[in-house]
Amino acid sequence: MIAFLTLLAVPIALFISIAIHKISIPGRSILEPLILVPMFISPLIWGFAWLYAYGPGGVFPKLWGDLYGLVPAGILSALVHVPNAYVIISTSLLGIDSSYEEVARIHGARAIMVMLRILIPMIRPAIVFSAIILFILGLEQFGIPLLLYTTVGGEVLTTYLYKLQVLSIIPSYPKEGVVASILIYMALSLILFQRYITMRYSKRFAVIGSRVKGIGRIEISRPWSIIMPALISIYLLFVIIIPLGSLIMRSLNPLYGGGISSITWDYYIIILSSQYHRQIIINTIEIAAIAATIGAIVALGYSLAILRSGHASVSRFFDAASTLPRGMPGVVMGLAFLWFFLFTPLRPLIYTPLGLAIAYVVAWSIMGTRVITSSMSQLSPELEEVARIHGASPSLTLRRIVIPIIKRSVLVAWLIMFIYAVRDYSIATFLVMPQTVVVGAFLLTSYASGEMGLIAALSSMLIFIILAISALIFRLGWKPYG
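Quantities reported herein were computed from a predicted structural model and do not represent experimental measurements.

Conventions we followed
Here the residue numbering is sequential within each chain, running from 1 through the sequence in written order. The predicted origin of the model limits local features to residues at a pLDDT of at least 70 and limits the giving and counting of side-chain atom pairs to 80 or more, whereas totals for whole chains, interfaces and linings rest on all residues. With hydrogens and water set aside, each side-chain value is computed from the structure's full complement of heavy atoms. Each helix corresponds to a stretch of at least 4 residues labelled H or I by DSSP, and each strand to a stretch of at least 2 residues labelled E; elements are numbered beginning at the N terminus. For the radius of gyration, the atom set is restricted to C-alpha positions; the globular benchmark scales as 2.2 Å times the number of residues to the power 0.38. Three labels apply to residues, based on accessible area from a 1.4 Å probe with only protein chains included: buried if under 20% of the type maximum, exposed if over 50%, partly exposed otherwise in between. Two residues form a contact once any of their heavy atoms are found within 4.5 Å. To be clear on the numbers: accessible area is Shrake-Rupley with a 1.4 Å probe, and residue cover counts the displayed protein chains and nothing else. Here a polar contact is recorded for every N or O atom pair within 3.5 Å, except that within protein the pair must consist of a potential hydrogen donor and a potential acceptor, and residues adjacent in sequence are included only if both atoms are side-chain atoms. Patch construction takes residues with relative accessible area above 30% that form no salt bridge. Like charges are linked within 9 Å, and nonpolar side chains (Val, Leu, Ile, Met, Phe, Trp, Tyr) are linked within 5 Å. What makes a salt bridge here is a side-chain nitrogen of Lys or Arg within 4 Å of a carboxyl oxygen of Asp or Glu, nothing more.

Asks: Got a minute to help me understand the overall build of the protein in this structure?
Replies: In terms of helices and strands, the protein carries 23 helices and zero strands. At 23 Å, the protein has a C-alpha radius of gyration in line with the 23 Å of a compact globule built from 482 residues. Along the first, second and third principal axes, the C-alpha atoms of the protein reach 65 × 65 × 45 Å. Put simply, the protein has 482 residues, and 50% of those count as buried. Within the protein, contacts between residues separated by at least 24 positions form 79% of all contacts whose residues are at least 6 apart in sequence. About 22,200 Å² of surface is accessible on the protein, with carbon and sulfur atoms providing 69% of the total.

As structure tokens, then:
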């Protein structure tokens, strides 16, 4: 049910994508970064933010009705994952030659007809693809159901797996194996279905026209040019700005309504003055840096194998190998690595930062691979061929030709994987040891013990770190689509 409700993000993302990229609405450069914010912040933190904003003890209690239950958890999952669908649909929209829209307008088609008869049919594969991805993301939801559904006695597969392993005195390995396998079967089936649909649509769709693409915008009436950005602004206000603002307010003001005089930095002082809490922050940054460094190297290797391999079968294999782990729910990935470390000679790794970093690399290297592959695909192989003709070895060619040209993309890939390692909580929940506790796992532990003030302060610190790095990524010119 949560996975199906997550599909509500598709029409929202479709509306925003068309408004941003195909319609001349004002304020696009300001609205778009805000739209992408949920992509970089953990769903667990979004769950806390919504509770602080709209929960029974929040700033605007009951504004959305009862926030607890299966349906609210699914709706919040959809709102959190709007950026994922937005990126996929935007990539497809930007690939459409605007001359087709101009011809339709010349022949008298209104703007709404152009969207319904030209744009949406041409991006139908992207819409289907985004729906499948969102369904997978809905299946793997853990933090939001834990906060909003488990509280009222409900369970989903991910929270049930968490209860079997983490909350049980004696873990039931057979039950855990069954639950994890069910999640894997569903995720693999959807990934294979997505690949089948992609291949089918790629053979079915063809556009006849000029090879020169232009990106134009559809002119709409003045009232709609005001209404559309206003609707997007309302979405951003109630879905992103108010929840994040409420979370930060809760970290500074334990009692709502106390006024400016009741603002206190006590929670931040407690965190920064405590050796234990400081070490958690240090662990988080250290493990994320290790994972990002190894992940950037792995992503570069994947990109070379996908784009520079002489055999199509090898390229397809590495493409699938880099993509497949992302389809696995985080709790399944964490449980799999836990068993892998416990029941193999690699057990000592679980007590070191490297063990958790390896799990992060496997889970998130696809994010870096996409960035580097996108950049490397624009690099002509002729440059490398000329270097080899002049006697350069493959390693020298890589160091002197390829990496200097795509170094900015490698840096962006490193930063993106660093963010995803910092925000992770589902994998860490299963793998952390007392000496490797990270913020994500600590937030879950604190929630179980009712330390809501510390949760708000730590979450706020994490948000500021992530937003600062995200701003740097956008400053480097990165776009998640194109």
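Asks: Just to check I follow, could you spell out the environment of Thr352 for this structure?
Replies: Mapped onto the elements of the fold, Thr352 is located in the loop between α17 (330–342) and α18 (353–376). Look at Thr352 and you get partly exposed, because its relative accessible area is 30%. For the pair Thr352 and Val10, spaced 342 residues apart in sequence, the C-alpha to C-alpha distance is 40 Å.

Asks: Teacher, can you tell me more about the side chain of Ser274 here?
Replies: Assignment of secondary structure puts Ser274 in the loop between α14 (266–273) and α15 (275–308). The exposure class assigned to Ser274 is buried, which follows from its relative accessible area of 18%. Separated by 3.0 Å, the side chains of Ser274 and His277 make a polar contact.

Asks: I keep staring at a nonpolar patch on the surface and nothing clicks. Help me out?
Replies: Side chains of Phe15, Trp224, Ile227, Leu231 and Ile234 sit close together on the surface and give an oily, nonpolar patch of about 460 Å² of accessible area. Here the nonpolar patch gets four residues from one element, more than from any other, and that element is helix α13 (residues 222–252). Secondary-structure assignment places Phe15 in helix α2 (residues 9–21).

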